[in-house]
Structures are given as C-alpha cells and as structure tokens.
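If you want the building blocks of each chain, they are given just below.
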Amino acid sequence: MLHTRFAALTGVAAITVLLAGCAGSSGTTSSSSGEGGDELGLIKPGTLTVCVNLEAPPNVFAEADGTPVGVEVDLAKDMAKKMDLELSFSEYSFAGLIPALQAQQCDTIISSLYIKPEREEIASFVPYLLSGSGILVAADNPAEITGYDESLCGKKAIGINGATGAGLLDEQSAACTADGEEEITITLTDKASDALQQVIAGQQDFYLDTAEGAAYFSKQSEGQLIPVGEPVGEIKIGAASLKDNTALHDALAEAFAAVQEDNTYQSILETWGFESLDIAKATS
C-alpha cells in the first residue's frame, strides 16, 4: 500500500491536490548522515544534489509540505547514505532536468529518466528500474481506444513535454498517416494534473505516460480514469551524471550495487509494489 497522505483523497480532487505546484525550480532538501565526497566533483562538497521532477507519482512526487517521496526518492536516499553524503533535491520541469544537469545545477538526475541513446550522448547512466509507457482514458472511453495501436488515429492525445510518451505519440501519428488514417492531434504540457483533468473533462481522448504512473493515477481517480491496452516498450530508468565525471558515475554505480547487495533495493520495491520493475529482470 502506498504510504502517503493521498490515500484519503478521492477523484479529481485527489489528482489536483496530488500534483499541484510541482513545476517550479526551487530546491527541497532531505538529509542523510555523512561528510565525504569532495573527490567526486560535487557542486556542493559533502552533498549529493539531485535534480527531480515532482510530477511522476509513484516514482517521484511531493507530500503536502513539499517533501519529495516515491520509490526513486527512497532509492536516492539510500544511495546517498552508501556514499556517506548529505542529500538535496532540486525541482525542475521534466524538460528542464537535462539542461539543469548540463548547467551543473545538480550532480545527478534521479527522476524517471529513461535511458535512451540521445541522452547517453550527454550523460552516463546507472540503471536502477524498468519502465514502460501506458495509456489512460476516461472511464466511459468515448473514443473507443484499445491501446497503443490504430485506435489512436484521429484522436486527441495529451502527454508530458520532453517525456518518452511524447515521442511515442509522434511515432504512432506518423504510422496513422502512413496507413492513410488521420493523424493524432497532440497536446503537450509540463503538468500531469493538467493532462488528467483534460481527459476527465473530455477535452482530450487519452493520456500517454509511464505505465506505472498510469496505474497510479487510475487508482487515485477512483474509477474516473482507466488504463487500456498493454504497456509499451520495456526500457530502463537510471541515475544520470555528466559524462566527464567518471568518479561520480562510478560512485553512484557502487552505491546502487551496495543497496542491491544488502536487500535495501528489494525492500524499497516491495514497499511501493514495484517488484516487477526490478532492473535484474531486464531482458537486454
């Protein structure tokens, strides 16, 4: 069961409160014990500064007081402990995460960042979770969408700016037109709350984002949103650091290996119901 304040919220109100105010760039800090890490080229010696987007529950999101929570937040905390470092979270829009890393406003991104070839040209990754993409529709599914297939042709879609789902929408739209069908009308936003409310209100036919996010939002909506079809495209999520900082990459890799070895990793996955997303189950 998800251990957050949101269990008592219902319907659209739950989604609105859950996701309100999470697209800024102000920092939020959480501490662990430790003093080390100066040799890692950290932007603040002794502290691992992590860029996050708090719009991706149950992976990364915020409590009522702004405290970051989620499976990846727990993982970041335990990795920082293994590195004997304090931990600080800096919040950005999803599209702003990699630019923030490049500008050295943080040391690493631990925030539902899919490992893709174009991103590997910029950053080195330590894979720690599996993921995929999923589709949410309103409960009555008036557009009769069946999944990531030809049923999306001619429909109105909404996704998150900079996320993999946006690229998948482009790909399926191109497939539609290649088959002589109507293209998908695509709208992108920085806030999942906006996307979900538009689907519920009938302004958009479906929402495409991570499969784990789709399942979570469906549960929180209490039946107003439902997932359709199977998850698309198994892919790895990882901690990103600048390619020229090999010391930090190696330290992150060692820390993740340590939380795997002592079963902390498995405990985190069990807490959030993420057992099926264990990186050890990756097929490639």
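The structure reproduced in this document is the subject of the present report. Starting from 1, residues in each chain are numbered consecutively following that chain's sequence as written. Side-chain atom pairs in this predicted model are given and counted only at pLDDT of 80 or more, local residue features only at pLDDT of at least 70, and totals for whole chains, interfaces and linings cover all residues. The side-chain figures draw on all heavy atoms in the structure; neither hydrogens nor water molecules are used.

### Regarding the overall build of the protein chain
Okay, so step 1: The helix count covers DSSP runs of H or I at least four residues long, the strand count covers runs of E at least two residues long, and both are numbered beginning at the N terminus. Within the protein chain, the regular secondary structure consists of nine helices and 11 strands.
Okay, so step 2: Put simply, the protein chain has 284 residues, and 55% of those count as buried.
Okay, so step 3: As displayed, the protein chain offers around 11,800 Å² of accessible surface, 48% of which is attributable to carbon and sulfur atoms. Under the scheme applied here, a residue whose accessible area is under 20% of the maximum for its type counts as buried, over 50% as exposed, and between as partly exposed, the area being computed with a 1.4 Å probe on protein chains only. For the area figures, the Shrake-Rupley method with a 1.4 Å probe applies, and any residue is considered shielded solely by the protein chains shown.

### Here we look at the packing of helix H8 (residues 246-261) against helix H9 (residues 264-272)
Okay, so step 1: For helices, the fitted axis covers only the stretch in contact; all axes are lines through C-alpha atoms, and the angles between them, taken along N-to-C directions, range from 0 to 180 degrees. Interhelical geometry of H8 versus H9 gives an angle of 75° and a closest axis separation of 4 Å. Between H8 and H9, the crossing angle belongs to the class labelled roughly perpendicular. In contact with Phe256, Val259 and Gln260 of H8, H9 contributes Thr264, Tyr265 and Gln266.
Okay, so step 2: Note that Gly is not counted as nonpolar here; it falls among the polar residues with everything else outside the nonpolar set of Ala, Val, Leu, Ile, Met, Phe, Trp, Tyr, Cys and Pro and the charged set of Asp, Glu, Lys and Arg. Class assignment for the residues of the contact of H8 with H9 results in three nonpolar, three polar and no charged. Working rule for angles: under 35 degrees goes down as roughly parallel, over 145 as roughly antiparallel, 65 to 115 as roughly perpendicular, anything else as oblique. Should any heavy atoms of two residues lie within 4.5 Å, those residues are counted as being in contact.

### What to know about a negative patch on the surface
Okay, so step 1: Each patch is built from residues that are more than 30% exposed by relative accessible area and take part in no salt bridge. Like charges join if they lie within 9 Å; nonpolar side chains (Val, Leu, Ile, Met, Phe, Trp, Tyr) join within 5 Å. Any Lys or Arg side-chain nitrogen located within 4 Å of an Asp or Glu carboxyl oxygen qualifies as a salt bridge. Charge assignment: positive for Lys and Arg, negative for Asp and Glu; neither His nor the chain ends contribute. A charge is said to be at NZ when it belongs to Lys, at CZ for Arg, at CG for Asp and at CD for Glu. A surface patch of like charges, here negative, comprises Glu150, Asp179, Glu181, Glu182 and Glu183.
Okay, so step 2: Residue classification places Glu150 among the exposed positions, given a relative accessible area of 62%.

### As for the pairing of strand E5 (residues 86-91)
Okay, so step 1: When you tally the buried positions in E5, you get five out of six residues, the bulk of the element.
Okay, so step 2: A pair of strands is considered paired only if DSSP assigns at least 2 bridges between the two. The pairing of strand E2 (residues 47-52) with E5 spans six bridges and is parallel. Bridge pairing links Thr47 to Glu86 in E5.

### Quick word on the environment of Tyr265
Okay, so step 1: With respect to the element layout, Tyr265 can be found in helix H9.
Okay, so step 2: Residues Tyr265 and Leu75, 190 residues apart in the sequence, show an inter-C-alpha distance of 7.1 Å.
Okay, so step 3: Beyond its immediate sequence surroundings of up to four residues, Tyr265 is in contact with Leu75, Tyr128, Leu129, Phe256, Val259, Gln260, Leu277, Asp278 and Ile279.

### A word on the nonpolar core
Okay, so step 1: Put simply, a nonpolar core is a bunch of buried Ala, Val, Leu, Ile, Met, Phe, Trp, Tyr and Cys residues held in one set by side-chain atoms that sit within 4.5 Å of each other. Counting residues in hydrophobic clusters, the biggest one holds 71 residues, and the most contacted among them are Leu48, Met83, Leu129, Tyr207 and Phe256.
Okay, so step 2: Membership of the second largest hydrophobic core comes to 14 residues, among which are Ala143, Leu168, Leu169 and Phe206.

### Let's talk about the pattern of salt bridges
Okay, so step 1: Taken as a whole and judged by the stated rule, the model has three salt bridges.
Okay, so step 2: Among the ionic pairs, Lys191 bridges to Glu55, the shortest N-O distance being 3.1 Å. With Lys191 in the loop between strand E9 (185-189) and helix H6 (192-200) and Glu55 in the loop between E2 and strand E3 (61-62), this residue pair connects regions lying 136 residues apart in the sequence.
Okay, so step 3: Residue classification places Glu55 among the buried residues on the basis of a relative accessible area of 5%.
Okay, so step 4: Among the salt bridges present, the one from Lys116 reaches Glu118, with a minimum N-O distance of 3.6 Å.
Okay, so step 5: Judged by its relative accessible area of 17%, Lys116 is buried.

### Focus: H8
Okay, so step 1: Taking 1.5 Å as the rise per residue, H8 with 16 residues should run 22 Å; its terminal C-alpha atoms sit 22 Å apart, in good agreement.
Okay, so step 2: For H8, the set of buried residues is Leu248, His249, Ala251, Leu252, Ala255, Phe256 and Val259. Along the long axis of H8, the arc covered by the buried residues comes to 165°, so they all point the same way. Exposed residues on H8 whose side chains face more than 90 degrees from its buried face are Glu254 and Glu261.
Okay, so step 3: Tucked inside the fold, the buried residues of H8 contact E2, helix H2 (71-82), strand E6 (108-109), strand E7 (123-138), strand E11 (225-242) and H9.
Okay, so step 4: Two residues or fewer past H8, Asn263 is found with a positive phi of approximately 70°. Expected span of a helix, by definition, is 1.5 Å for each gap between consecutive residues, and there is one gap fewer than residues. As used here, the arc is the angular range of directions from the helix axis to the C-beta atoms.

### Here we look at the environment of Tyr148
Okay, so step 1: Along the chain, Tyr148 falls in the loop between E7 and strand E8 (156-160).
Okay, so step 2: In sequence terms Tyr148 and Gly134 are 14 residues apart; their C-alpha atoms lie 8.0 Å from each other.
Okay, so step 3: The contact partners of Tyr148, leaving out residues within four places of it in the chain, are Ile135, Leu168, Glu171, Gln172, Leu208 and Val232.
Okay, so step 4: Here a polar contact means two N or O atoms within 3.5 Å. Within protein one must be a hydrogen donor candidate and the other an acceptor candidate, and residues neighboring in sequence count only if both atoms are side-chain atoms. Only 2.7 Å separates the side chain of Tyr148 from the backbone oxygen of Leu168, close enough to count as a polar contact.

### A closer look at unusual backbone geometry
Okay, so step 1: A cis geometry characterises the amide bond from Pro57 onward to Pro58, with omega recorded as 5°.
Okay, so step 2: Mapping Pro58 onto the fold places it in the loop between E2 and E3.
Okay, so step 3: Look at Asp84: it is not a glycine, yet its phi comes out positive at around 60°.
Okay, so step 4: What makes Asp84 partly exposed here is its relative accessible area of 40%.
Okay, so step 5: Of note, Asn141 is a non-glycine position whose phi angle comes to about 45°, a positive value.

### Some details on the state of the cysteines
Okay, so step 1: Cysteine sulfur pairs qualify as disulfides if the two atoms are within 2.5 Å. Enumeration over the complete set of coordinates arrives at two disulfides.
Okay, so step 2: Disulfide pairing places Cys51 opposite Cys106 at an S-S distance of 2.2 Å. Torsion about the S-S bond of the Cys51 and Cys106 cystine: about -110°, corresponding to left-handed handedness. Residue Cys51 is located in strand E2, and its partner Cys106 is located in the loop between helix H3 (97-102) and E6; the two are separated by 55 residues in the primary sequence.
Okay, so step 3: Since its relative accessible area comes to 0%, Cys51 is described here as buried.
Okay, so step 4: The class for Cys106 is buried, based on a relative accessible area of 3%.
Okay, so step 5: Between Cys153 and Cys176 runs a disulfide, and the two sulfur atoms are separated by 2.0 Å.

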